[in-house]
Amino acid sequence: MLLGRSLPASLLALSTLSIMAPVAHPASVAPGTEVVGAFPAPPTGAGPGTLAAWSLHPSTTRVGNYGQPGTASGNSFYVGYSAATHSIYAPTAAGTTYILNGSTLQTTGTFPSLPGGRIGRVVPNRHLLLVLAGNGLAAYGLNTHQQRFYDSAVGGNALITSPNGKIAYVAGNMDSVITAVNVSTGKVLRTYPVPQIGDMVWAHGQIFAADIKTGVMTALNPQTGTIVPISTPEVDPQFSYSNIPGATAGFMQVAVGPHHNTVYAAGFSGHILKFSATQDTYLGEVSVNANPQGANQLSGLAILPGGNLALVTVENLHASVVVNLANGSIMKTIPQFASNRWLLIR
């Protein structure tokens, strides 16, 4: 099951507009910083077909379109990015991947891809785009867009690759293992007994994998097979996969700091949790109080260059905020601008 939820009509209407709003330029973030993400969509079916981009140079938010709003071709979850061509890849539930220009957010091409695959990962040193669905994993050449492999035995909602791009790691909320796959052949190499993973990142030679239900962050060393579970208070005793929007806690997107020494996780409790990637320990949490009168359900998360600030989506407000990671102070609020999975592209 993939995370995501439908947007109100007022926000769906933005899919046809380009928004140009001034954004603060904190001194601790390098000019040129840019973050992109698909607007939230339900796990299956129709989506808004809207891509969000937030940048500091120029200081603007922008919205672009892909697919057909209100259909499965407008439903993407985690976009990929190629720095070589400055192209954004939005795989959709309809089985079509849309290619957007990273500067204009205009669609420049399409190609058939894995039906139901809403998660993309560009592997630049292998010239591949990996597309993940709940019931399969496929690879496509970045230049030819031809399918290199398809594996129906591996699926889920979390996907990362090793730094050298040789191995992909696949996991899911309903899976009992993390699976290692050769990206050249699609062959399963091995599995690791780490269950119920909603998102993963690579940090300091390890995989950090988050269990949305139990609040356990697992540090997995894929070379040695060492597994270190790290417990946290990010737990809702009444949590149900069938009602994720009603949860009071739970991991959402996981991100890593610029030096790969610290891992962060957005929580539905309204906290950003911190972990040491060198000691495999929980370091505490930062409270994000964008909604003093109620819940702050954090989902999409990107750690900005310098490591002092983060862009995080407050899902129940349909907004995003720039947060100081030292004390949780909100530097900037961006209304009607959200993604469940942000991607830092520069």
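Residues numbered from 1 in each chain as written. Predicted model: local features only at pLDDT ≥ 70, side-chain atom pairs only at ≥ 80, totals over all residues. Heavy atoms only, no water.

A few words on the overall build of the protein chain. Tallying secondary structure elements over the protein chain gives one helix and 28 strands in all. For the protein chain, the spread of C-alpha atoms along the three principal axes comes to 50 × 45 × 40 Å. Burial analysis of the protein chain (346 residues in total) assigns 59% to the buried set. Across the protein chain, every contact between residues at least 6 apart in sequence was considered, and the portion connecting residues at least 24 apart equals 47%. Carbon and sulfur atoms provide 53% of the accessible area of the protein chain, an area that totals close to 12,800 Å². Mean positive and mean negative side-chain charge positions of the protein chain (14 and 10 charges, respectively) differ by 11 Å. (Helix = DSSP H or I, 4+ residues; strand = E, 2+ residues; numbered from the N terminus. Buried < 20%, exposed > 50% of the residue type's maximum accessible area, 1.4 Å probe, protein only. Contact = heavy atoms within 4.5 Å. Areas by Shrake-Rupley, 256 points an atom, 1.4 Å probe, with all protein chains shown as cover. Lys, Arg positive; Asp, Glu negative; His and termini not counted. Charge placed at Lys NZ, Arg CZ, Asp CG, Glu CD.)

It is worth spelling out the nonpolar core at this point. Within the largest apolar cluster, 30 residues are counted, with the highest numbers of intra-cluster contacts made by Val 79, Ile 88, Leu 130, Leu 137 and Leu 159. Only strand S1 (34-38), strand S2 (50-56), strand S5 (87-91), strand S6 (96-101), strand S8 (119-123), strand S9 (128-133), strand S10 (136-141) and strand S13 (167-171) provide two or more residues apiece to this core. Broken down by element, the residue count for this core peaks at three residues, all from S9. If we skip the residues at most four places from it in the chain, Ile 88 touches Val 36, Leu 51, Val 79, Gly 80, Tyr 81, Tyr 98, Ile 99, Leu 100, Gly 102 and Leu 105. Ranked by size, the runner-up nonpolar core spans 21 residues in total, among them Ile 212, Phe 239, Tyr 241 and Tyr 264. (Core = buried A, V, L, I, M, F, W, Y, C linked by side-chain atoms within 4.5 Å.)

Moving on: the side chain of Asp 211. Relative to the helices and strands, Asp 211 resides in the loop between strand S17 (206-210) and strand S18 (216-220). Within the buried core, Asp 211 has no salt-bridge partner, and the shortest N-O distance to an opposite charge, that of Lys 213, equals 7.8 Å. At 2.9 Å, the side chain of Asp 211 and the backbone nitrogen of Lys 213 are in polar contact. Here the side chain of Asp 211 touches Thr 214 through a polar contact of 3.1 Å, side chain to side chain. Sequence-distant contacts of Asp 211, that is, excluding residues within four places in its chain, are made with Pro 195, Gln 196, Ile 197, Val 216, Tyr 241 and Phe 251. (Salt bridge = Lys/Arg side-chain N within 4 Å of Asp/Glu carboxyl O. Polar contact = N/O pair within 3.5 Å; in protein donor to acceptor, adjacent residues only side chain to side chain.)

Let's shift gears to unusual backbone geometry. The residue Leu 105 is not glycine, and still its phi comes out positive at about 60°. Counting through the fold element by element, Leu 105 comes out in the loop between S6 and strand S7 (107-112). The residue His 260 is not glycine, and still its phi comes out positive at about 65°. By the secondary structure assignment, His 260 is in the loop between strand S20 (251-256) and strand S21 (262-267).

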